[in-house]
Amino acid sequence: MDLTKMFQFNADRSSYPELDANGKPIIDLSSHKYLKLWQGPQHPGVTGNMSLELTVNGDEIVESKTHVGYLHRGFEKLMERRKFIQCFPTCIRMCVAEPDPNEYILSACIEELSGIEVPETAQWLRTLALEMARLQVLLRGVPGQAGTFSLGLGYQWGNYIRDLILDRFEELTGGRVYHMYILPGGVRGLLPDGFKKRMEENLKLVDEFLVNINDLMYNNIVFKQRAVGLAVIPVEWIDQYGVYGPAARAAGIMRDVRKTHPYLKYSELDFEPYTTTASDVYARSLVRWHDLKMTVDLIRQIMAKMPDKGEIKAPTPNVMHWRIPKGETYVKCESSRGEYGMYMVTDGSDMPRRVNLKGPSYTHATALLERLLINANIADTAAIMVSLATCPPEIER
Amino acid sequence: MVEILKELEDRFQVTDLVQQKDHLAFVSVDKNKAIPMITWLKDQAGYTSLTLLTAVDWLEDGKFQLTYMINNPKKNSQIAARVMIDRENATMESAHHLWESIRIYQRELKEMFGIDFPGSPEVDESFILEGWVDIPPYRRDFDTKKYSDETYFPRPGRQSNDPAEYMKSKMYPNE
Amino acid sequence: MSIKDLLTPFTAWKRITKEPVTIRDPFNDRPGAERYRGFHKNDVNKCIGCGTCEDICENEAIDMVPFKDPISGDSGLRPRLDYGRCCWCALCVDVCTTNSLTLSNEYTWVTVDPEDFRYTPGVDKKAWDDNEKGWKKPEGSYEFYNINRVEMHHLHPEDRDKSFVEMVKGYSREQAIAEADRCVECGICTATCPAHMGIPEYIKAVRHEDMEEGLRILYETNPLPEICGRICTHKCETVCSIGHKGDPLSIRWLKRYIADNVSSDKYKEILNTKDLSNNHKKVAIIGSGPAGLSAAHYLALMGYQCTIFEQYEKAGGMMRYGIPEYRLPYDSIDKDIDYILSLGVDIKYNTRIGTDITLEQLNKDYNAVFAGTGLHLGRSTGIPGSDNEHVYYATDLLRQITAGEEIEVTDQIVVIGGGNVAMDITRSLARMQNQKFGKVNIITTALEREKNLPADLEEVVESREEGAIINPGWAPQSIEIENGRPVGLHVIKCNSLFDDTGRFNPQCDITKKEFFPGSMIVQSIGQGMDLSFVNEDFKKDLEFGSRGRVVTNAYFQTSVKWFFMGGDIIEGPDVIHGIANGHKAAIGIDNYIQGIDFTPAK
Ligand SMILES: Cc1cc2nc3c(=O)[nH]c(=O)nc-3n(C[C@H](O)[C@H](O)[C@H](O)COP(=O)(O)OP(=O)(O)OC[C@H]3O[C@@H](n4cnc5c(N)ncnc54)[C@H](O)[C@@H]3O)c2cc1C
Ligand code: SF4
Ligand code: SF4
């Protein structure tokens, strides 16, 4: 039985719209050939509070525009009138799902600009917190890809284990979602007693999850049918459109700050980020599955190598009037979505002059997504978006 | 890094070089030489990736600083070009022909700082704000606190006391 | 794609036998973790209402609200939370100067009235007040400011025990900035300072390296900053909020740092006192101690023509004639005083009121009179032998040392007294013994036991470092005299000083005796006031209070309207009280002369 044939659906893609001399589509709404369709801001198939203004012809998208602004809070500007220490609870909200990289890059900018060395133990704990953050994101992010094709089961499994990881966060940091753990100078606590043991129990569940999800998704005919060949990102687009992290690695381009520019303790850890070349939704999803696997391994390595005791925070100037000399820097780290960086400018006062956060979604959800959706099927919109892990709060901050 | 900076000095007369760390350097470049320099870096020197483009408001000096941060992924080297432009009628040459993604940054800068990039696609369309009538909100002279006090009502009944003043009022009011 | 791809997803069915993982009753079955950042708790008896928690809160979730009347070291305010704004970052907890503020691990709170979510932890009783668990900053892990003082460099004992060179070196620029950085600007100290100096403000000036601004702030309330920056009794430091977890700020040394770092020729320009107005009103001031100088300074700023009458050859009172040079060098005194005199204040040296000029005369010639005559009469123990000519008063000896007069120094000395003055004379004599005999042989004894000695601990420690023996807990009985000279002091053990009702009633054990040999005895058990400059007739009009002190109102005006008094004779005894009194009196005198009614409550 040729299953491939049986499930094959070869869409007879239209040739609409015609392109003008500049290669721009000529869309004449009054021709009745096109329809405007809004996906979002309230829609289960968008990754948060954003919306896509789709122009469709039949079930085919001919043009897409990304609209953000549904949760603009102006954090960058708010930080300009907050003392450095006060920025720390503010900045985390720039990405809700994975707040820890925010904490890290903000602290690292402040430390770099004021010449503070973070103690060894704190660096290990930071590395751990960042990997735990990736773990809890990917536990939903990996099965979430199948969710966009209406296979929600894996998401339930992942969500449960994520909850357990949040328990670990809770006992380490005092918070479940916003951890506020990495602060300028170091971290706010050592591992609680028995933490490693409980973590290891959770990791065993993730091991099991990885196997199950592999069966459920990557060896699933429907998933393959939908994801393979979908929304291919050609290699030439990587820099043109600003593609980072797993999305770039699915196109065979090694982009992982942990490897290309090791920070914290990554140079002491043994890992090789997964790359593949198909560059479609399936490939991007598979890269994330491997990332999840690698994260589990990294957490085990970290727990084995890290010291149990030691200084957790370097002395800093009095936080009530910590001034930083005029300067500027950019600090980056690898979030689950790719390079996540902060540009900070200081002017000698006790507040930052300018903070600019740059996350991968900024380009993924806009220029790249708009391009990828051309000629895509309406039903694939969510899948394509999720494959880029777009996160609206990091676009508009 | 050193060689490339030297080259930028020779070719584009960059100033105020700061090598912030191993792989990151800041340079200042003249407004007219900025786009040629970035084009050269991108096309000839391997700085193919745009990390970010943003602005800093130096209100006191009447200047905006545009920061173009670009990256050479092969060499893992990053250069940030500072370009000072006048705050008044702030305009900068668009670089949308260099990267597909840069139009997004330029659109945001137009909206948030009021810096124009003529010719950049959709640069006049609102990006994050809709129906905004005030001055561009990321300018230093836009007061977020004032805006929030005027837009949202504070909770009634909140009142605080300064410890030193309170002690004075109670312990030595006449001194 | 293969048949496998069709079948493997069905492996998911194997999970059908798994137990559900949902927690049924999260309110009871799911307490927050040990470190959970839940609802606030505050130990209101430990909290001092410094408001640092309010300052750090980036969400403006905290108001400081009255809880009780303020007292020295406690503003009486307590933080009130607005849970409409709080994000449970616990920065307020981490910054808390007393560690009174913590978070519980409670995270559920249901109420119908949204106003309930504004509450004062510790005052408004909550179910989680006794929760042991919840966020507190890990013990000894980190602080948001340095709780340890920047060490002040002191001369080593061997470098100081032979000379009167100043022993405290003063902060360097880096040290001063680092020390000033520790301040949280709560301002709790200001109320405790008798002069209510703008302490956080001048510390801020040090941080910002703005010495001119610093000097201006100092002179608003204190015209003797070089002096106070060295020898102030620094009561402010005892209430510093940072002192609850660590060392209080070195407020005194920071004041000195400012004064030391502005040269005197710039003072007038910085303080804007080049052209003072003149209102042609005259005020006479008796005594050039801190009280008199302070009054003269502030009156001069207001345009009064002030004349100080000083019985001695030089100005400064006890600051010059009491406090030894190694603690307060004469140039520092001169710097402060010369500036005050440069404001047009006139001073008549070697002029004693009561003998050279009468008080009545001053009343005739001046619009008002201020007296800050201090406590200069040495108090005697009255024990047998204390009238011997080789038994001295500490203050007399100290004055003679300052005046450069030859004093007797024998190779074996006993000092009676346990206060700072006793330490001053002990250490001065120790230096002189060292110079004369190459060794120190002094025993200083006091009624109080070691831990209750009135002298500052550092004074006792340093005296010992310099070779003196401090042997407290003894009651002097008699001075043994042989051939017209003392040979030593008989003492008995003193067990306690006060009875249960708190009255002075020393309990001694006569069976425990001791003899301290000494060929010279110094008494340093306090000073009394000398009001002989006020004649008897006039005294009748003066109202006296319980302990023989003249009664004054809050502006230091006596019952005789034109006559004001301040300093040690009224309050203190220390320099800063004198300064505060003089300042307040200056305002009172101004009001009095202008005929403005001021009936302040004291
Ligand atoms: C040994 C010693 C150490 C001390 N150490 C410290 C210290 O470290 N820190 C601190 O804060 N305080 C210290 N004090 C206390 C401090 O010196 C006094 O509290 C302060 O000087 C009192 O100021 P005053 O203006 O009231 O009087 P004084 O300083 O005593 O000044 C009174 C002045 O009036 C003059 N006078 C008196 N009668 C007449 C008259 N009839 N006619 C003309 N002139 C007259 C006197 O000659 C004197 O100059 C110390 C005191 C002593 C004795
Ligand atoms: S926990 Fe954070 S937000 Fe809440 S009151 Fe304290 S400082 Fe403010
Ligand atoms: S910081 Fe601590 S001591 Fe100060 S007011 Fe707040 S709770 Fe009280």
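Note that the structure is a prediction, hence the values are computed from the model and not measured.

Caption draft 1: Quick peek at the site of ligand 3. Taken together, 14 residues surround ligand 3, and among them Cys 47, Cys 50, Cys 53, Cys 96 and Thr 98 of chain C come closest. Of the residues that constitute the shell around ligand 3, the class distribution is eight nonpolar, six polar and no charged.

Caption draft 2: Summary view of the nonpolar core. Core analysis: the biggest nonpolar cluster contains 338 residues, and Leu 66 and Tyr 68 of chain B together with Phe 563 of chain C have the highest contact counts within it. Looking at this core element by element, the count peaks at 13 residues for helix α5 (residues 120-147) of chain A. Apart from residues lying up to four places away in sequence, Leu 66 of chain B is in contact with Leu 53, Thr 54, Ala 55, Ala 81, Arg 82, Val 83, Ile 85, Met 92, Leu 109, Ile 115 and Phe 117 of chain B.

Caption draft 3: Summary view of the interface of chain A and chain B. Listed by partner, the interface residues are 44 residues for chain A and 49 residues for chain B. Between chain A and chain B lies a buried interface of about 3,800 Å² when both sides are counted; carbon and sulfur atoms form 47% of it. The largest contributions to the chain A side of the interface with chain B come from Lys 77, Arg 353 and Tyr 362 of chain A, which together make up 18% of the buried area. Viewed at the interface, chain B and chain A are joined by eight salt bridges.

Caption draft 4: Focus on the confidence of the model for chain C. Confidence in the prediction for chain C averages 89 pLDDT; 99% of positions are at 70 or higher. Confidence estimates for the predicted assembly give a pTM of 0.86 and an ipTM of 0.91.

Caption draft 5: Broad picture of the packing of helix α3 (residues 84-91) of chain A against helix α4 (residues 100-114) of chain A. All names here are of chain A. Orientation of α3 relative to α4, taken along the N-to-C sense of each, is 160 degrees, at an axis distance of 9 Å. What the angle tells us is that α3 and α4 run roughly antiparallel. In this structure, the crossing between α3 and α4 has a hand that is right-handed. Touching Phe 84, Cys 87, Phe 88 and Cys 91 of α3 are Asn 102, Glu 103, Leu 106 and Ile 110, all from α4. For the contact of α3 with α4, a count of residues per class yields six nonpolar, one polar and one charged.

Caption draft 6: Local environment of unusual backbone geometry. Not every positive phi belongs to a glycine, and Ala 389 of chain A is a case in point at roughly 50 degrees. With respect to the secondary-structure elements, Ala 389 of chain A resides in the loop between α14 (381-387) and α15 (392-396). Judged by its relative accessible area of 18%, Ala 389 of chain A falls in the buried class. The residue Asp 16 of chain B is not glycine, and still its phi comes out positive at about 50 degrees.

Caption draft 7: Spatial organisation of the site of ligand 2. As a structural note, the neighbourhood of ligand 2 is formed by His 40, Cys 57, Asn 59, Ala 61, Ile 62, Leu 81, Cys 86, Cys 87, Trp 88, Cys 89, Ala 90 and Cys 92 of chain C. Looking at side-chain class alone, the shell around ligand 2 contains ten nonpolar, two polar and no charged residues.

Caption draft 8: Examining the side chain of Thr 558 of chain C more closely. All names here are of chain C. Mapped onto the elements of the fold, Thr 558 is located in the loop between α21 (536-541) and β20 (563-565). At a separation of 3.0 Å, a polar atom in the side chain of Thr 558 contacts the main-chain carbonyl oxygen of Val 560. A distance of 2.7 Å separates a polar atom in the side chain of Thr 558 from the backbone oxygen of Phe 563. When near neighbours in sequence (up to four residues on either side) are disregarded, Thr 558 contacts Leu 542, Val 550, Val 551, Thr 552, Phe 563, Phe 564 and Met 565.

Caption draft 9: Helix α6 (residues 153-173) of chain A, seen in detail. With 21 residues, α6 of chain A should reach 30 Å at 1.5 Å per residue; the first-to-last C-alpha distance of 30 Å fits that figure. The element α6 of chain A is extensively covered by neighbouring structure, given that 15 of its 21 residues are classed as buried.

Reading the values: rules and limits
- Residues numbered from 1 in each chain as written.
- Chains lettered and ligands numbered in written order.
- Predicted model: local features only at pLDDT ≥ 70, side-chain atom pairs only at ≥ 80, totals over all residues.
- Heavy atoms only, no water.
- Near = heavy atom within 4 Å.
- Nonpolar A, V, L, I, M, F, W, Y, C, P; charged D, E, K, R; others polar.
- Core = buried A, V, L, I, M, F, W, Y, C linked by side-chain atoms within 4.5 Å.
- Buried < 20%, exposed > 50% of the residue type's maximum accessible area, 1.4 Å probe, protein only.
- Helix = DSSP H or I, 4+ residues; strand = E, 2+ residues; numbered from the N terminus.
- Contact = heavy atoms within 4.5 Å.
- Buried area = accessible area lost by both parts, 1.4 Å probe.
- Salt bridge = Lys/Arg side-chain N within 4 Å of Asp/Glu carboxyl O.
- pLDDT = per-residue confidence, 0-100.
- Axes fitted to C-alpha atoms, helices over the stretch in contact; angles between N-to-C directions.
- Parallel < 35°, antiparallel > 145°, perpendicular 65-115°, else oblique.
- Left-handed = near helix turned anticlockwise from the far one by under 90°.
- Polar contact = N/O pair within 3.5 Å; in protein donor to acceptor, adjacent residues only side chain to side chain.
- Expected span 1.5 Å × (residues − 1).

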